[in-house]
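# Structural features, examined
Here are the chains, one letter per residue:
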Amino acid sequence: ADIISTQDHTVVEKEGYLLKAKIADGGKKLRKNWSTSWIVLTARKMEFYKESKQPALANLKPGYKPECVDLCGAQIEWTPEKSSRKNVFQITTVSGNEFLLQSDIDFLILDWFHAIKNAIDRLPKE
Ligand code: I3S
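Along each chain, numbering runs from 1 in the same order as the chain's sequence is written. Owing to the predicted nature of the model, reporting of local features is limited to residues with pLDDT of at least 70; listing and counting of side-chain atom pairs is limited to 80 or more, with chain, interface and lining totals taken over all residues. The side-chain numbers reported here are obtained from all heavy atoms of the structure, hydrogens and water having been left aside.

## A few points about the site of the ligand
Rules: Working definition: residue near molecule or strand if any one of its non-hydrogen atoms lies within 4 Å of it. Any N or O atom pair separated by 3.5 Å or less is treated as a polar contact, with the protein-specific requirement of one donor-capable and one acceptor-capable atom, and with residues adjacent in sequence counted only for side-chain atom pairs. Per-residue accessibility takes into account occlusion by the displayed protein chains alone, with areas from the Shrake-Rupley method and a 1.4 Å probe. Residues are grouped as follows: nonpolar covers Ala, Val, Leu, Ile, Met, Phe, Trp, Tyr, Cys and Pro; charged covers Asp, Glu, Lys and Arg; every other residue, Gly included, is treated as polar.
The environment of the ligand is formed by Arg31, Lys32, Trp34, Ser83, Ser84 and Arg85. The separation between an oxygen atom of the ligand and a polar side-chain atom of arginine 31 is 2.8 Å. Between the ligand and serine 84, the relevant distance is 2.5 Å, taken from an oxygen atom to a side-chain nitrogen or oxygen of the residue. For the ligand, the accessible surface in isolation is 510 Å², of which the surrounding protein chains cover 47%. Here the residues of the shell around the ligand are counted per class, giving one nonpolar, two polar and three charged.

## A closer look at the packing of aromatic side chains
We apply this condition: Each Phe, Tyr or Trp ring, with Trp reduced to its six-membered ring, pairs with another whose centre is within 6.5 Å; inter-plane angles below 30 degrees give stacked pairs, above 60 give edge-to-face pairs, and intermediate values give tilted ones. Numbering goes from the N terminus for both helices and strands, where a helix is a DSSP run of H or I of at least four residues and a strand is a run of E of at least two. The criterion is that NZ of a Lys, or CZ of an Arg, lies within 6 Å of the ring centre and within 35 degrees of the ring normal, and then a charge sits over that ring.
Applying the stated criterion across every chain yields a total of five aromatic pairs. Summarising the aromatic geometry, the rings of phenylalanine 48 and phenylalanine 99 are spaced 5.1 Å apart at their centres and angled 55 degrees between planes, so their arrangement reads as tilted. Of this pair, phenylalanine 48 sits in strand 4 (residues 45–49) while phenylalanine 99 sits in strand 8 (residues 98–102); the two residues are 51 residues apart in sequence, bridging distant segments of the chain. Note that lysine 14 overlies the ring of tryptophan 112, its terminal NZ or CZ placed 5.2 Å from the centroid.

## Structural notes on the pattern of salt bridges
The condition that has to hold: In what follows, salt bridge is the name for a side-chain nitrogen of Lys or Arg lying within 4 Å of a carboxyl oxygen of Asp or Glu. For every residue, the accessible area obtained with a 1.4 Å probe (protein chains only) is divided by the maximum for its type, and the residue is called buried under 20%, exposed over 50%, and partly exposed between those limits.
With the rule as written, the count across this model stands at nine salt bridges. In this structure, the salt-bridge partner of aspartate 106 is lysine 86, at a minimum N-O distance of 3.1 Å. Taken together, the residues aspartate 106 in helix 2 (residues 106–122) and lysine 86 in the loop between strand 6 (75–78) and strand 7 (88–92) connect sequence positions 20 residues apart. Of the residues examined, aspartate 106 reaches a relative accessible area of 42% and is grouped as partly exposed. Between lysine 117 and aspartate 121 there is a salt bridge; the shortest N-O distance is 3.0 Å. Of this pair, lysine 117 and aspartate 121 both sit in helix 2, four residues apart, roughly one helical turn. You can call aspartate 121 partly exposed: its relative accessible area is 46%. Bridged by salt links that share partners, the residues Lys20, Lys22, Asp25 and Glu67 form one connected network.

## Overview of the environment of proline 66
For proline 66, the location among the structural elements is in the loop between helix 1 (54–60) and strand 5 (67–70). Along the backbone, proline 66 and glutamine 102 are 36 residues apart, and their C-alpha atoms lie at a distance of 20 Å.

## Here's the deal with the state of the cysteines
Here is the rule: Note that a disulfide, as used here, is simply two cysteine sulfur atoms within 2.5 Å.
Per the counting criterion, the structure on display carries zero disulfides. Free cysteine: cysteine 68, not disulfide-bonded; nearest cysteine sulfur from cysteine 72 at 11 Å. Here cysteine 68 falls in the partly exposed class, since its relative accessible area comes to 38%. For cysteine 72, a relative accessible area of 5% gives the class buried.

## Structural notes on the pairing of strand 8
What counts is decided by this rule: By the convention used here, strands pair only if DSSP detects at least 2 bridges between them.
With five of its five residues buried, strand 8 lies for the most part within the structure. Of the two faces of strand 8, the one holding Glu98, Leu100 and Gln102 and the one holding Phe99 and Leu101 are both buried throughout. Direction of pairing for strand 1 (residues 14–25) relative to strand 8: antiparallel, over a ladder of five bridges. Looking across to strand 8, one finds that lysine 20 is bridged to leucine 101. Here five bridges tie strand 7 to strand 8, and the two strands are oriented antiparallel to one another. Bridging across to strand 8, isoleucine 91 finds its partner in phenylalanine 99.

Function cannot be inferred from these measures alone, as they are strictly geometric.
Below, the structure is given as structure tokens:
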């Protein structure tokens, strides 16, 4: 009980707004529908919220579960062919969910890409 965990999976590594489109669910293609999302990255996962104040509210609501991406075994790659927008990358989960993320701001999307890639590379593959 006195051991302080150095691998607290709840620590927020990065958070902010990006444009998001979920394009597959469990391997089944979805119609692309871009929307702004508040994204919270921790060691093992990403959570998608509509607004920045939602994570705090979600903690107070026992039943509330944001859309969540398990990064264990996930893949990340730039996918310029999947959109007419610039700076689009895709995250594919082991379960076959596919998300596109985008920002017009170059440094911002690069920061996100590297933060997510680092998280994936630190995790076991399954
Ligand atoms: O890859 P697509 O089909 O050209 O993606 C566009 C569509 O999803 C479109 O919605 P509708 O299917 O309702 O027309 C979106 O409004 C566009 O934003 C999508 O293209 P971009 O190039 O923005 O990802």
